[in-house]
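Structure at a glance
As a plain string of letters, each chain reads:
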Amino acid sequence: MQKLQRGMESILKKELNTSTLKATGRAGGGCISEGQSYDTDSGRVFVKVNHKSEARKMFDGEKASLEAILQTNTIKAPKPVRVIDLSPGGGAVFVMEHLDMRSINRHSAMLGEQLADLHLHNQSLKEKLDKGEQTVGKGSGQSEVQYVDKFGFHTATCCGYIPQVNDWQSDWVSFYTQQRLQHQLNMVEKDYGDREARELWAKLQLKIPDLFRDVEIVPALLHGDLWGGNVAENEAGPLVFDPASYYGHSEFELAIAGMFGGFGESFYSAYHKKIPKAPGFEKRLKLYQLFHYLNHWNHFGTGYRGSSLNIMRNLVK
């Protein structure tokens, strides 16, 4: 392990063009990647490491997600620096700005407000466009964010380490059914051949369009994996990190937020003040949680089978 660490640190020194590289503070990380802060010649950075063969794809998606979130100027997130390949055998590191963080507490309501601003950002571009205040396509030297009229993202992003299918589609219900739920259920089928999952899915697919009657959905830039472990705060306000972004339905964001706790009442009331619940919200939330339970089943095994099938049973009633 130490040899591996030394190898990685020499690659970092070279790629970051720094003579100083000193590990600092405590190492962090979740169940997917490890993380460590380093002091360099040009300041402190946070480095995520993953040795899986698809690490590069995962980190490229995370970097693109952070860039998209930061371009909206709505919510704080670490600035990405670069993704570096570790070795020919796979594995990569993702270098980003180091931010001091603590658990979300004081800034819970501000997190709700700023998340709503993130979700409304694309819609506000549409309104400007409709008024003729904004042009479609970038002029020379403009880095202005353009209105996006479809669902998807310009690159693959990973929720955990499983890549999401982000091909652009103009219809949200088709996008979510095929590129989120069907994609996860195909993996369940391949690994477990679960007959009950297959039968419930055949019934559920027919019911999904009814859950979206009379709901207008403007594509919203999503964080994509907003559970309590991916939000924090510092003195200035809330922070989000580890995104798996794409343009989707804003309600999707609240699904995983509600599954594992960590978000107080002030967060939800501030959010819904800006984006009120549309009719049928609770049922759609269950449909959106289904994606996350299936994704957990595919990551961590059959411990999540019961929750996945339960949601499907309730939705086909």
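Here's a quick rundown of the structure. Along each chain, the written sequence defines residue order, and numbers are assigned to residues from 1. Reporting in this predicted model follows two pLDDT cut-offs: at least 70 for local features of residues, and 80 or more for side-chain atom pairs to be given and counted; totals over whole chains, interfaces and linings ignore these cut-offs and use all residues. Excluding hydrogens and water, the side-chain figures rest on all heavy atoms present in the structure.

Things to note about the side chain of serine 33
Numbering goes from the N terminus for both helices and strands, where a helix is a DSSP run of H or I of at least four residues and a strand is a run of E of at least two. When you line up the elements, serine 33 lands in the loop between strand E1 (21-29) and strand E2 (34-40). A relative accessible area of 8% means that serine 33 is categorised as buried. Pairing of N or O atoms within 3.5 Å defines a polar contact, subject to two protein rules: one partner must be a possible hydrogen donor and the other a possible acceptor, and residues neighboring in sequence count only if both atoms are side-chain atoms. Of note is the side chain of serine 33, whose polar atom sits 3.2 Å from the side chain of asparagine 50. Here a residue-residue contact requires only that any non-hydrogen atoms of the pair lie within 4.5 Å. When near neighbours in sequence (up to four residues on either side) are disregarded, serine 33 contacts Lys48, Val49, Asn50, Met58 and Phe59. Exposed residues in this analysis have more than 50% of their type's maximum accessible area, buried residues have under 20%, and partly exposed residues fall in between, with area computed by a 1.4 Å probe over protein chains only.

Some words on the nonpolar core
Residue types Ala, Val, Leu, Ile, Met, Phe, Trp, Tyr and Cys, when buried and joined through side-chain atoms within 4.5 Å, form a set referred to as a nonpolar core. Ranked by internal contacts, the top residues of the largest apolar core, which has 72 residues, are Trp172, Leu181, Leu204, Phe212 and Leu287. Ranked by the residues each element gives to this core, the list is headed by helix H8 (residues 281-300), at nine residues. For leucine 287, the residues in contact, after removing those within four places along its chain, are Tyr176, Leu181, Leu204, Ile208, Leu211, Phe212 and Leu315. Core analysis: the next-biggest nonpolar cluster, separate from the first, contains 12 residues, Leu21, Val49, Leu86 and Val93 among them.

Regarding the pairing of strand E10 (residues 237-240)
Two strands pair if DSSP finds at least two bridges between them. As paired elements, strand E9 (residues 231-234) and E10 share four bridges and run antiparallel to each other. Across the sheet, valine 231 pairs through a bridge with valine 240, a residue of E10.

Thoughts on the pattern of salt bridges
Salt bridges are identified by distance alone: a Lys or Arg side-chain nitrogen within 4 Å of an Asp or Glu carboxyl oxygen. Scanning the entire structure with this criterion turns up 24 salt bridges. The partner of lysine 79 in a salt bridge is glutamate 97, with the nearest N and O atoms 4.0 Å apart. Taken together, the positions of lysine 79 in the loop between helix H2 (55-71) and strand E4 (80-85) and glutamate 97 in strand E5 (residues 92-97) put the pair 18 residues apart, joining distant regions of the chain. The salt bridge involving glutamate 189 is made with arginine 198; its shortest N-O contact spans 2.9 Å. By relative accessible area, arginine 198 is classed as partly exposed at 43%. In the salt-bridge network here, residues are joined through shared partners; they are Arg102, Arg106, Glu233 and Glu235.

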